[in-house]
Amino acid sequence: MSDANFTQGPWCVEQRAKQWAVVRKMASIDITIAIGAPIRSLRREEMISTGEESANARLIAAAPDLYAVVREYVSWCDRNGVTAPPSHRARAALTKAHK
């Protein structure tokens, strides 16, 4: 499976004003990946809490590391003939990242 075309990590989380931002720090610039603006739920008219916004930003920031671990696990499964359900879910997650 070829590499996904996403912004390579590491990403970090910063609070900017009243929003959370997922940022890639580079030598001369910072690339903002995502900003957590107040979001309204499709089911209710409540704003997402600051804690939930922060947790979402941290999960997004961890995505490159999680992706690398899943790729490594799938590769290990392939080399060792592992066909257990977790390996199928890991492969499905990688496929989802490439769509």
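Up top you'll find the structure we're talking about.
The rules we used
- Residues numbered from 1 in each chain as written.
- Predicted model: local features only at pLDDT ≥ 70, side-chain atom pairs only at ≥ 80, totals over all residues.
- Heavy atoms only, no water.
- Salt bridge = Lys/Arg side-chain N within 4 Å of Asp/Glu carboxyl O.
- Helix = DSSP H or I, 4+ residues; strand = E, 2+ residues; numbered from the N terminus.
- Buried < 20%, exposed > 50% of the residue type's maximum accessible area, 1.4 Å probe, protein only.
- Expected span 1.5 Å × (residues − 1).
- Arc of directions from axis to C-beta.
- Core = buried A, V, L, I, M, F, W, Y, C linked by side-chain atoms within 4.5 Å.
- Contact = heavy atoms within 4.5 Å.

Participant: Which parts of the structure should I look at to understand the pattern of salt bridges?
Facilitator: A side chain with one charge can pair with a side chain of the opposite charge if their charged atoms come near. Evaluation of the coordinates by the stated rule reveals one salt bridge. Residue Arg 91 pairs with Asp 78 through a salt bridge whose shortest N-O separation is 2.7 Å. Of this pair, Arg 91 sits in helix H2 (residues 85-98) while Asp 78 is found in helix H1 (residues 50-80), placing the two residues 13 residues apart along the sequence. Judged by relative accessible area, which is 32%, Arg 91 ranks as partly exposed.

Participant: Explanation requested: H2 in the structure shown.
Facilitator: Working note: α-helix, 3.6 residues per turn, so residues spaced by three or four point in the same direction. In this model H2 runs 20 Å from its N-terminal to its C-terminal C-alpha over 14 residues, within 8% of the 20 Å that 1.5 Å per residue would give. Burial in H2 covers these residues: Ser 87, Ala 90 and Leu 94. Taken end-on, H2 shows its buried residues confined to a sector of 60 degrees, consistent with a single buried face. Across from the buried face of H2, at angles greater than 90 degrees, the exposed residues are Pro 85, Arg 89 and Lys 96.

Participant: So what exactly am I meant to see when it comes to the nonpolar core here?
Facilitator: Most often, soluble globular proteins have nonpolar side chains that are buried together. Among the nonpolar cores identified, the biggest contains five residues, and these are Trp 11, Trp 20, Val 22, Ala 57 and Ala 61. Breaking this core down by element, the ones donating at least two residues are strand E2 (19-25) and H1.

Participant: Is there a simple way to explain the side chain of Ser 87 in this structure?
Facilitator: In this structure, Ser 87 sits in helix H2. Not counting chain neighbours up to four residues away, the residues in contact with Ser 87 comprise Tyr 73, Cys 77 and Val 82.

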